[in-house]
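Summary of the model geometry
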Amino acid sequence: AAVGFLPNLIVMAAIARIARFVTHVVTLLSQAIEEHRVELPWLPADLAVPTRRIVNILVWLVALVVGMPYLPGSDSRAFQGVSIMVGVLISLGSTSATANLLSGLMITYARAYRVGDRVKIGDALGEVTALGAFVTHIRTTKDEDVVIPNAIVQSAALVNYSRYAGETGVQVHTQVTIGYDTPWRTVHRLLVAAAGMVDGIQLHPEPYVLQKALDDFYVCYELCAFSDRPTELHLVESRLNQAVQDTFFREGVEICS
């Protein structure tokens, strides 16, 4: 029986050898793309690693399917019955896992966010520390690790603060209400001056002011400025509020609320 199984064993070894060779070639190619030594127009460098993982998994799955008939006892009814039972159990128990896996693939190739981006997913605001096949890890501003299933990420509203931070910058803003006795031009000048004093605020594009509402006793002003530090937005906004307080106090202008 052992001698008769030798041809099947040789075929299985050849299948494993071919699969290992293909995965090795894919790994070398993905490393070259990641290091910008090879450029493919349809595959950006940041997608080289997840694509390599997917291709390697598919290669080994194909190798497993091709090698199954060469396993000892593969043509027996017991082996076939066990295979069917295992397939049914996997199908029934992997519904959520499959949904998270497919959502992770869609998020990765849609390039909605990358590791290091500052994002807001639902109520979670923080920096993406890991984008896995099934879950996404977010580190909040209070150093909390929030784990979100990818299926929830796909269905939730997503805000990416880092997408345009390297170009024009991401906006930070604050609102104040000032009485009608202070001219609006004075308020605009003080708000813009306060923004220019803040570390982390860009002077180009220039900060600007919006008059949001004309209420009964005061005017609502919104100061908008640009920052190239998306991972420090909470600190930049805090310093911006401090600068506004200092500037208005120095000029003797009362902030209503």
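The model shown is predicted, which means the values in this text are computed figures rather than measured ones.

**Considering the packing of helix α6 (residues 184-196) against helix α7 (residues 233-251)**
Following both chains from N to C, one finds α6 and α7 inclined at 135°, their axes separated by 8 Å at the closest point. As summarised for this structure, α6 and α7 are arranged oblique, according to the angle between their axes. When you trace α6 past α7, the crossing you get is right-handed. Of α7, the residues touching α6 (which contributes V187, L190, L191, A194 and A195) are L240, A243, V244, T247, F248 and E251.

**Notes on the layout of surface pockets**
What the largest pocket holds in volume is close to 600 Å³. Of all the secondary-structure elements, those providing two or more residues to the lining of the largest pocket are α2 (48-67) and α4 (95-110). The biggest single contributor to the lining of the largest pocket is α2, with six residues. Classifying every residue of the lining of the largest pocket gives 15 nonpolar, three polar and five charged.

**A look at the nonpolar core**
Residues L191, Y221 and F248 are the most contacted members of the largest nonpolar core, which totals 23 residues. For this core, the secondary-structure elements that each account for two or more residues are β6 (170-179), α6, β9 (218-227) and α7. A total of six residues in this core trace back to one element, the largest contributor, which is α7. Among the nonpolar cores identified, the runner-up in size contains nine residues, and I107, V119, A124 and V153 belong to it.

Conventions we followed
Residues numbered from 1 in each chain as written. Predicted model: local features only at pLDDT ≥ 70, side-chain atom pairs only at ≥ 80, totals over all residues. Heavy atoms only, no water. Axes fitted to C-alpha atoms, helices over the stretch in contact; angles between N-to-C directions. Helix = DSSP H or I, 4+ residues; strand = E, 2+ residues; numbered from the N terminus. Parallel < 35°, antiparallel > 145°, perpendicular 65-115°, else oblique. Left-handed = near helix turned anticlockwise from the far one by under 90°. Contact = heavy atoms within 4.5 Å. 1 Å grid on protein atoms, 1.4 Å probe; cavity = no way out; pocket = protein on both sides within 12 Å on 5 of 7 lines; lining within 4 Å. Points joined across faces, edges and corners; volume = space filled by probe spheres on them. Nonpolar A, V, L, I, M, F, W, Y, C, P; charged D, E, K, R; others polar. Core = buried A, V, L, I, M, F, W, Y, C linked by side-chain atoms within 4.5 Å. Buried < 20%, exposed > 50% of the residue type's maximum accessible area, 1.4 Å probe, protein only.

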